[in-house]
Amino acid sequence: MTDLLTRRGEPPAAAPGPRRRGDRLPFRLAAPPVSGILRPRLTAVSAGLAAAVFAVFCWGMTAGDVPIAVADVVRALFGHGEPGNRLIVIELRLPRALAGLLVGCAFGLAGALFQTLTRNPLASPDMIGITQGAGTAVVAGLVLGVGSGLGTQLLGLLGGLVTAALVYLLAWRRGATGYRIILVGIGIAWICTSITDFLMARGARHEAQAALGWLVGNLNGRDWPQITPLLWALAVLVPAALLLGRQLRDLQLGDDVARGLGIRVQWVRVAALLTGVGLAAFGAAAAGPVAFVALAAPQIAQRLARTAWPPLIASGLAGALMVLVSDLVARRLIGGTELPVGVVTGVLGAPVLLWLLVRANRAGSGG
Amino acid sequence: MLLVAGATALLLALIAVSLLYGALDIPPAEVWRTLLGDPPNARVENAVRSVRVPRTALGVAAGAALGLAGALMQALTRNPLADPGLLGVGAGAAFAIVVAVGVFGLGSAYGYIWFAFAGALAASLLVYVMGGLGRSGSTPVKLALSGVAVTSFLGSLTSAIALTSPDALDRFRFWSAGTLANQSGDDLLRILPFLAVGALIAFALAPSLNGLALGDDVATSLGLRTGRIRTLGVASVTLLVGAAVAVVGPIVFVGLVVPHAVRVLLQYAGIGPDQRWLLPLSALLAPVLLLAADVAGRLLARPAEIQAGILVAFVGGPLFIVMVRRRRLAEL
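Conventions used here
Residues numbered from 1 in each chain as written. Chains lettered and ligands numbered in written order. Predicted model: local features only at pLDDT ≥ 70, side-chain atom pairs only at ≥ 80, totals over all residues. Heavy atoms only, no water. UniProt positions renumbered as here; feature names shortened; annotations may be inferred. Helix = DSSP H or I, 4+ residues; strand = E, 2+ residues; numbered from the N terminus. Contact = heavy atoms within 4.5 Å. Areas by Shrake-Rupley, 256 points an atom, 1.4 Å probe, with all protein chains shown as cover. Lys, Arg positive; Asp, Glu negative; His and termini not counted. Charge placed at Lys NZ, Arg CZ, Asp CG, Glu CD. Polar contact = N/O pair within 3.5 Å; in protein donor to acceptor, adjacent residues only side chain to side chain. Salt bridge = Lys/Arg side-chain N within 4 Å of Asp/Glu carboxyl O. 1 Å grid on protein atoms, 1.4 Å probe; cavity = no way out; pocket = protein on both sides within 12 Å on 5 of 7 lines; lining within 4 Å. Points joined across faces, edges and corners; volume = space filled by probe spheres on them. Nonpolar A, V, L, I, M, F, W, Y, C, P; charged D, E, K, R; others polar. Phe/Tyr/Trp six-rings, centres within 6.5 Å; stacked < 30°, edge-to-face > 60°. Lys NZ or Arg CZ within 6 Å of the ring centre and 35° of its normal. pLDDT = per-residue confidence, 0-100. Axes fitted to C-alpha atoms, helices over the stretch in contact; angles between N-to-C directions. Left-handed = near helix turned anticlockwise from the far one by under 90°. Parallel < 35°, antiparallel > 145°, perpendicular 65-115°, else oblique.

The name given to chain A in an unreviewed UniProt entry is Iron ABC transporter permease, with Streptomyces tsukubensis as the source organism. According to its UniProt record, chain A has this under Sequence similarities (unreviewed entry): "Belongs to the binding-protein-dependent transport system permease family. FecCD subfamily." Under Subcellular location (unreviewed entry), UniProt gives the following word-for-word description of chain A: "Cell membrane".

Put into structure tokens, the structure is as follows:
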């Protein structure tokens, strides 16, 4: 009884929990210095990005060898209108647009997670070997003849996951810090690239061409077999990413402070790493490692929203927008030829990032 | 001094091994006689004089250039990850070569050396200018970010051309693995002046780089002109990497791993990270790594070959990971 009483009469010890929990709820709104400045801009940016994604998504479905008016696209989507239009919209353009949307979202989110986790804007799956590991597995499959179609996808996924596990294990030394993950990842990335180069040089010309086509990132002929696994993966991984986001930001304060705040540091890190790898690997399995999205999208979102970290939802939306716009350009740029989307994301994404860099540098807020 | 002697001895040993072993089994005595100008027969003379000697010389020159460039870049950017690959120099050369083959239809190494050189120069200038814009000048993070952006941009353009031109793809996939094979002595002679000038600038900069390591503010207050040091440094890196990459392909890891390894050696020797030791030792030890990889590639898959660039990554990758685990690379 006395025990209970003293426990109840101990508000200072119990307070940090509830008070921190309150931070996430409307309490925060009453604190103008933080939420009053950051959140409205972030919300506006996210809403703007979402609107842009929706607009480009619809626009992409109207464009093609057979132009279809927006109204007809909407009609076809709901199962009305001409059968010909319905066929084109639902069977051909919807899967492709959906694949672009989901892949972009996956890469954007993965990039944001990695960049927050490692506290480094350069840390995207393309930099720390996960993309290269997936690439090596797929090229090995193509050149050594393991198979194509679903085989390619599974290989990509497997390669990405194995590489990520390898990077994390090798970076582990009484805990894995962001800095060591990046460095080890770069080492692994190069080993994987050199294996891929070796396989490419060994294979026949058409095998090399097929391998390069996948390595660049491609949305040509995506259909439900590629989309459905990605959709399920996102249904699990996106909520996980959002849940982990806040704890990851607390990790930015340093491991000791985060531990003091009651965060299980290594657990959060492993969970975030797994989530990021899953997003990147499923994205790459569906469309190949679309260049630059995971690196640029979080940076674009962060600079648009002027936050101190890559905002998760806005990063996913920025990634989706990048891929959708790039695919539109890739399809329409040269008549008769469909360029792989990865070529365009690289070509379009790099100047955007450079422009953002220059602007931030001018304002004196660059790195 | 012992370090320099050891490194030189190691390099000489590797040069000997590279001359003695190859696809063809030739007794050491015959190799020696050929080198002295008394070949036993035409076949041996051809193998030694027009294959092994140029190949070994190219390995020494290209390796030294890559090692020197890596050490220089790490000092200039104060970035332990700086590498000709990361800062876009290799990507620039690769893109220019694919343009030369795919767009202009050039087929010989003679033609595309100049393209690669121009590409490397343009890419490194672009990275440098983009990274240096703004009030605070070029900081490591800005430089690295713009390097990645430019690399990715050029990589996408390269793939676009390679995908539409099968000839370009064919040439690119062999060249991009990085190899010392199939190069004539003429190619080496053509790039040698650029390498020499680049190396001279690098060695001349070494004392100033020690000041730069203390940070731009301290360096400026010591009377160093940081802007001029960086400009000269970029010029040197471009000359070294552009020329080397044009002939042997974008060999990664040599420029990154060797300077880090040398730093470890210097620490054990009690000298510390002094650029006046770091640069020459990197130039001596980088060819050891490259030649070792080349010889291994020749012997492992006889009569075929594994490209030196691939084996360098195989040796350098794990070594790099071991170093990451052992030491804190942030301390430059």
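Sorry if this is basic, but what is going on with the overall build of chain B here?
Within chain B, the secondary structure is distributed over 13 helices and zero strands. Counting from the amino terminus, helix and strand elements in chain B follow one another as α-α-α-α-α-α-α-α-α-α-α-α-α. Considered along the principal axes of its C-alpha atoms, chain B spans approximately 65 × 55 × 35 Å. When contacts within chain B are restricted to residue pairs at least 6 apart in sequence, those whose partners lie at least 24 apart make up 74%. For chain B, the exposed surface amounts to about 12900 Å²; the carbon and sulfur share of it is 68%. Looking at chain B, you have 22 positive and 15 negative side-chain charges, and the mean spots of the two groups are 8 Å apart.

Help me understand the side chain of T307(A) in this model?
On the secondary structure map, T307(A) appears in the loop between α14 (293–305) and α15 (312–332). One polar contact links the side chain of T307(A) to the main-chain carbonyl oxygen of W309(A), over a distance of 2.7 Å.

Explain the pattern of salt bridges to me, please; I cannot follow it from the model alone.
Across all of its chains, the model carries eight salt bridges over all chains by this definition. D256(A) is the partner of R259(A) in a salt bridge, and the nearest nitrogen-oxygen pair spans 3.5 Å. Of this pair, R259(A) and D256(A) are both found in helix α12 (residues 255–260), three residues apart, which corresponds to roughly one turn of the helix. The partner of R298(B) in a salt bridge is D294(B), with the nearest N and O atoms 3.0 Å apart. Residue R298(B) and its partner D294(B) are located together in helix α12 (residues 275–300), separated by four residues, close to a single helical turn.

What am I meant to see in empty space enclosed by the protein here?
Picture a little ball the size of a water molecule; that probe, rolled over the atoms, points out where space is still empty. Residues and elements named next belong to chain B. Under the counting rule described, the total for this entry stands at six cavities of 30 Å³ or more. Of the pockets and cavities examined, the second largest cavity occupies roughly 160 Å³. Taken together, 13 residues make up the lining of the second largest cavity; nearest its centre are M73, L87, Y128, L143 and V234. Taken together, the elements giving at least two residues each to the lining of the second largest cavity come down to α3 (42–77), α5 (109–132) and α10 (226–248). The dominant element in the lining of the second largest cavity, judged by the number of residues it contributes, is α10, at four residues. Residue composition of the lining of the second largest cavity, grouped by class: nine nonpolar, three polar and one charged.

I keep staring at the packing of aromatic side chains and nothing clicks. Help me out?
Here a ring pair, both rings aromatic, is described through the centre-centre distance and the interplanar angle of the planes. Counted under the stated rule, the structure contains zero aromatic pairs over all chains. In this arrangement the basic side chain of R264(A) is found over the ring face of W267(A), its NZ or CZ atom lying 5.4 Å from the centre.

I tried to follow the confidence of the model for chain B on my own but got confused; where do I start?
Detail in the predicted coordinates should be disregarded across regions flagged by low pLDDT. Scored by pLDDT, chain B comes out at a mean of 81, with 91% of its residues at no less than 70. Two summary scores accompany this predicted model of the complex, namely pTM at 0.74 and ipTM at 0.71.

Would you take a moment to explain the packing of helix α4 (residues 89–102) of chain B against helix α7 (residues 166–175) of chain B for this structure?
Between two packed helices, both the angle of their axes relative to each other and the distance between the axes serve to describe the pair. Residue and element names in this part refer to chain B. It is at 8 Å that the axes of α4 and α7 come closest, and there the two elements cross at 145°. For α4 against α7, the interelement crossing comes out right-handed. Listed contacts from α7 to A93, A94, I97, V98, V101 and G102 of α4 are D167, A168, R171, F172 and W175. Classifying every residue of the contact of α4 with α7 by side-chain character gives eight nonpolar, one polar and two charged.

Would you take a moment to explain the packing of α14(A) against α15(A) for this structure?
Residues and elements named next belong to chain A. Where α14 contacts α15, the axes come no closer than 8 Å and their chain directions differ by 125°. When the axis of α14 is compared with that of α15, the two are oblique. Crossing of α14 over α15 shows right-handed handedness. Residue-level contacts link V293, A296, A297, P298, I300 and A301 of α14 to A314, S315, A318, G319, M322 and V323 of α15. Here the contact of α14 with α15 is composed, by residue class, of 10 nonpolar, two polar and no charged.

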